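Listed here are the chains, written in short residue letters.
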Amino acid sequence: MEKDTLAAISFIEKGRAKYDDNTDLITEELNLYIAQGKSDLLVDKLNKAIELNGSNEILYYNRGTLFEQRKEAEKAKGDYLKALEINPDYSDALYNLGVLYFNSATVINNEMNKLDMDQQKKYDELKAKRDKIFNDALPNFERVVEKNPKDRHTLEALKQIYLITNNTEKLNEV
């Protein structure tokens, strides 16, 4: 808050030395490095931490969020899936993986909307691809809602997917 990032990093590193799995410290460290534009350094730190403790889903999740911010969707997806392999109920990883799919399907949806009426074949191909990706997102969002039925962001995403894919029954449930 005092804008002294060097002191903040120093304190976080001291805290991480004692409590290396504290998620609040990890999050603060990530936020500081991101604010400084040092995502490469963060990825290196996370890689080393994963080498030491490859069974910590939070490390994979955090690296996945970095990859996602750097527009490296496949690497982000791999890390979210690894986090979920370690902890299948990890809501943050479920949600972020769902968002990754959702955003990818939205790009395709926007492409579809730009097509001319005489491009029906291309439209149908894109629609099938979009719907498959939306369907990949669904189980992730649905599991988040199982754990937290009032999660507004997840419910909004589900609502949009059900609306776009014409799943009226599920849309009415949401």
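Residues numbered from 1 in each chain as written. Predicted model: local features only at pLDDT ≥ 70, side-chain atom pairs only at ≥ 80, totals over all residues. Heavy atoms only, no water.

Undergrad: It is not clear to me how the environment of Ala157 should be interpreted in this structure. Could you clarify?
TA: Here Ala157 lies in helix 8 (residues 152–164). Sequence separation of Ala157 and Ala137 is 20 residues, and the distance between their C-alpha atoms is 9.3 Å. Among residues more than four places away in sequence, those in contact with Ala157 are Phe102 and Phe141. (Helix = DSSP H or I, 4+ residues; strand = E, 2+ residues; numbered from the N terminus. Contact = heavy atoms within 4.5 Å.)

Undergrad: Help me understand unusual backbone geometry, please; the structure alone is not making it clear to me.
TA: Most peptide bonds are trans, and most residues other than glycine sit at a negative phi. Within the chain, Lys71 stands out as a residue other than glycine whose phi angle is a positive 65°. Its place among the elements puts Lys71 in the loop between helix 4 (57–69) and helix 5 (73–86). With phi around 60°, Asn166 is a residue other than glycine that occupies positive phi space. Mapping Asn166 onto the fold places it in the loop between helix 8 and helix 9 (168–173).

Undergrad: Mind showing me how you'd approach helix 8 here?
TA: Because the α-helix completes a turn every 3.6 residues, residues three or four places apart line up on one side. In this model helix 8 runs 18 Å from its N-terminal to its C-terminal C-alpha over 13 residues, within 8% of the 18 Å that 1.5 Å per residue would give. Along helix 8, the residues classified as buried are Thr154, Ala157, Leu158, Ile161 and Tyr162. Looking straight down helix 8, one finds that the buried residues subtend no more than 130° of arc, so they occupy a single side. Across helix 8 from its buried face, at more than 90 degrees, point the exposed residues Arg152, His153 and Leu163. Looking at the packing, one finds that the buried side of helix 8 touches helix 6 (91–114), helix 7 (120–147) and helix 9. Two residues or fewer past helix 8, Asn166 is found with a positive phi of approximately 60°. (Expected span 1.5 Å × (residues − 1). Buried < 20%, exposed > 50% of the residue type's maximum accessible area, 1.4 Å probe, protein only. Arc of directions from axis to C-beta.)

Undergrad: Explain helix 5 to me, please; I cannot follow it from the model alone.
TA: Here helix 5 spans 20 Å end to end across 14 residues, near enough to the 20 Å set by a 1.5 Å rise per residue. Of all the positions in helix 5, only Ala76, Asp79, Tyr80, Ala83 and Leu84 are classed as buried. For helix 5, the angular spread of buried residues about the axis comes to 140°, placing them on one side. When the buried face of helix 5 is taken as reference, the exposed residues oriented beyond 90 degrees from it are Glu74 and Glu85. Looking at the packing, one finds that the buried side of helix 5 touches helix 4, helix 6 and helix 7.

Undergrad: How should I be thinking about the pattern of salt bridges in this particular structure?
TA: Where charged atoms from two side chains of opposite charge come close, those side chains can pair. The tally for this structure, following the rule as stated, stands at ten salt bridges. Between Asp40 and Arg70 there is a salt bridge, with the nearest N and O atoms lying 3.0 Å from each other. A residue pair is termed long-range when its members are at least 10 positions apart, and Asp40 in helix 3 (residues 39–52) and Arg70 in the loop between helix 4 and helix 5 qualify at 30 residues. Here Glu72 and Lys75 are joined by a salt bridge, their closest N and O atoms 3.1 Å apart. (Salt bridge = Lys/Arg side-chain N within 4 Å of Asp/Glu carboxyl O.)

Undergrad: What is the right way to read the packing of aromatic side chains from this model?
TA: Any pair of aromatic rings gets described here by the distance separating the centres and the angle formed by the planes. Across all of its chains, the model carries five aromatic pairs by this definition. With 5.8 Å between their ring centres and 55° between their planes, Tyr95 and Phe141 make a pair best called tilted. Placement of the pair is Tyr95 in helix 6 and Phe141 in helix 7, with a sequence separation of 46 residues. One aromatic cluster in this structure is built from Tyr95, Phe102, Phe134 and Phe141. (Phe/Tyr/Trp six-rings, centres within 6.5 Å; stacked < 30°, edge-to-face > 60°.)

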